[in-house]
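Below, each chain spelled out in residue letters.
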Amino acid sequence: MSMIETKLVAAREVTTATQASNVLPVGHVRVQLAAASLCGTDLHYYSQFSNAGFVLQNPVTLGHEACGYVLDANGSGLETGQLVALNPIMNCQICDPCKRGEMNLCTAKKFPGSATTVPHLDGFFRDVIDHPARCCRPVAGSVSPRHLTFAEPMACALHALNKGEVQAGQKVLVTGCGPMGLLAVAGAVARGADVTALDLRAPAVEVAKRAGASTGLVPGTFKDAEIEKRFDVVIEASGAIAAFNTALKAVRKKGRISILSNIQLRSAEVALHLIMLKEIALVGSFQFNREFEEAVQLIESGAVDFDALTAQAFPLGQIDQALQLMASGGAFGKIILLGQGS
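All values derive from a computational prediction rather than experimental measurement.

**Student:** Tell me about the overall build of the chain, and name the residues and values.
**Tutor:** Counting its regular elements, the chain contains 12 helices and 15 strands. Computed over the C-alpha atoms, the radius of gyration of the chain is 20 Å, within 12% of the 20 Å expected from 2.2 N^0.38 for a compact globule of 342 residues. Looking at the chain as a whole, 53% of its 342 residues are labelled buried. Here the contacts in the chain between residues at least 6 apart in sequence split such that 69% fall between residues at least 24 apart. When the 29 positive and 30 negative side-chain charges of the chain are each reduced to one mean point, those points stand 6 Å apart.

**Student:** Lay out the packing of helix 5 (residues 151-163) against helix 6 (residues 179-190) with the relevant residues and their values.
**Tutor:** At a minimum axis separation of 9 Å, helix 5 and helix 6 run at an interaxial angle of 65 degrees. The two elements helix 5 and helix 6 meet at a crossing, and its hand is right-handed. Contact residues: Pro-153, Met-154, Cys-156, Ala-157, Leu-158 and Leu-161 in helix 5; Met-180, Leu-183, Ala-184, Ala-186, Gly-187 and Ala-188 in helix 6. Partitioning the contact of helix 5 with helix 6 into residue classes produces 11 nonpolar, 1 polar and no charged.

**Student:** Outline the pattern of salt bridges, supporting the account with residue identities and numerical values.
**Tutor:** Under the definition given, this model contains 14 salt bridges. Linking Lys-209 and Glu-206 is a salt bridge whose minimum nitrogen-to-oxygen distance equals 3.8 Å. Linking Lys-209 with Glu-206, this pair stays in helix 7 (residues 202-210), spanning 3 residues, or about one helical turn. The exposure class assigned to Lys-209 is partly exposed, which follows from its relative accessible area of 38%. With a closest N to O distance of 3.0 Å, Arg-290 and Glu-294 form a salt bridge. A relative accessible area of 56% means that Arg-290 is categorised as exposed. Residue classification places Glu-294 among the partly exposed residues on the basis of a relative accessible area of 25%. A cluster of three or more residues bridged by salt bridges with shared partners is formed by Arg-137, Glu-293 and Glu-300.

**Student:** Pulling in residues and values, what's your account of unusual backbone geometry?
**Tutor:** A negative phi angle is the norm for most residues apart from glycine, just as the trans form is the norm for most peptide bonds. Residue Pro-119 follows Val-118 across a cis peptide bond; omega there is -5 degrees. Within the secondary structure, Pro-119 sits in the loop between helix 3 (96-99) and strand 6 (128-132). For Asn-74, which is not glycine, the phi dihedral falls at a positive 55 degrees. Mapped onto the fold, Asn-74 is located in the loop between strand 4 (66-72) and strand 5 (83-86). Positioned with a positive phi, Gln-287 is a non-glycine residue whose angle comes to about 55 degrees.

**Student:** How would you sum up the nonpolar core? Please name residues and give values.
**Tutor:** Formed by 53 residues in total, the largest nonpolar core has its most connected members in Met-154, Ile-235 and Leu-309. For this core, the element with the highest residue contribution is helix 5, accounting for 8 residues. Discounting residues that sit within four places of it in the chain, Ile-235 has contacts with Ala-160, Leu-161, Val-166, Val-172, Leu-173, Val-174, Thr-175, Ala-184, Ser-258 and Leu-260.

**Student:** Describe in detail the environment of Lys-249, supporting the description with residues and values.
**Tutor:** Among the secondary structure elements, Lys-249 is positioned in helix 9 (residues 241-250). For Lys-249, a relative accessible area of 37% translates into the label partly exposed. For Lys-249 and Ala-115, which are 134 residues apart along the polypeptide, the C-alpha to C-alpha distance reads 36 Å.

**Student:** Any chance you could break down the pairing of strand 9 (residues 194-198) for me, citing the residues and the numbers?
**Tutor:** Burial analysis of strand 9 places 4 of its 5 residues in the buried class, which makes it a mostly covered element. As defined by bridge partners, strand 8 (residues 171-175) adjoins strand 9 across 5 bridges and the pair is classed as parallel. Opposite Val-174, over in strand 9, you have Ala-197 as the bridge partner. Regarding the hand of the β-α-β motif, the stretch spanning strand 8, helix 6 and strand 9 is right-handed.

Analysis parameters
Residues numbered from 1 in each chain as written. Predicted model: local features only at pLDDT ≥ 70, side-chain atom pairs only at ≥ 80, totals over all residues. Heavy atoms only, no water. Helix = DSSP H or I, 4+ residues; strand = E, 2+ residues; numbered from the N terminus. Rg over C-alpha atoms; globule rule 2.2 N^0.38 Å. Buried < 20%, exposed > 50% of the residue type's maximum accessible area, 1.4 Å probe, protein only. Contact = heavy atoms within 4.5 Å. Lys, Arg positive; Asp, Glu negative; His and termini not counted. Charge placed at Lys NZ, Arg CZ, Asp CG, Glu CD. Axes fitted to C-alpha atoms, helices over the stretch in contact; angles between N-to-C directions. Left-handed = near helix turned anticlockwise from the far one by under 90°. Nonpolar A, V, L, I, M, F, W, Y, C, P; charged D, E, K, R; others polar. Salt bridge = Lys/Arg side-chain N within 4 Å of Asp/Glu carboxyl O. Core = buried A, V, L, I, M, F, W, Y, C linked by side-chain atoms within 4.5 Å. Pairing = 2+ DSSP bridges. Right-handed = clockwise from strand over helix to strand, strands pointing away.

The values are spatial; any link to function lies outside them.
So this is what it looks like as structure tokens:
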């Protein structure tokens, strides 16, 4: 059996798990998956069994972007049949970062479908999920599960926008039009910013324009001088050092660059001198805090066309095909998994 075939078998065995524990823990509710979406993190675990230096130590169900219908409210105050967005960050609520409202930096955080929690917690790519009630945000019945599954990634994008202090009327450049970059575009447009999207792939740029970007750029079709010092804020969402260098050139003096991507480690020259010469404010962005609520409210408002940001939908049982499509690079936008009845 080849390495790829071995990984496919592992993916099937891990990600199609359907059984929740028969005993529902205190403070938890039981939810039936309505919809989930794939993240680059899932792809890294699928293809490499590791992500950002965290290596899988035991089999785990992947997935951390999802919503579902309440099967057992377990005295939580939620209603049976209610659609809820699932916040995957299970923070301790008592450490100093938690007290500051920074759940993303919790010192005892648990996160499903990830090697960051040991032993690993099963993620959301399964039919039935037991999840803390406090991490389940109910929504109106009119909200589509296909849209609500964007809550977690949109929260990450909004966190990057908040760290970048993106406001109405600003000129914003988003480098990288993968799923997270597209959500950053949509979020910035929703705030009233004038957004330019940049990506190596022309089809991805076209999706960004459908998401509201006023201008789309593909390297090789413009000169650096045309974008130099033009933008108030740059959101780096590609993970490429070349794009980071573009961000350093494109941002104006005293502008801000917010790093939404996980820039990969490799040997490369970085124009760090521009940070000093232009007094650039450079900030990192990791997961989210209050932005999960902001994301759900944005979804409820209907202000974002999430259908335009959806590449393709698969039944949950076809997760291997979904991951292979993502790995191929042929999907522009989010890939969604549908639970039973969705």
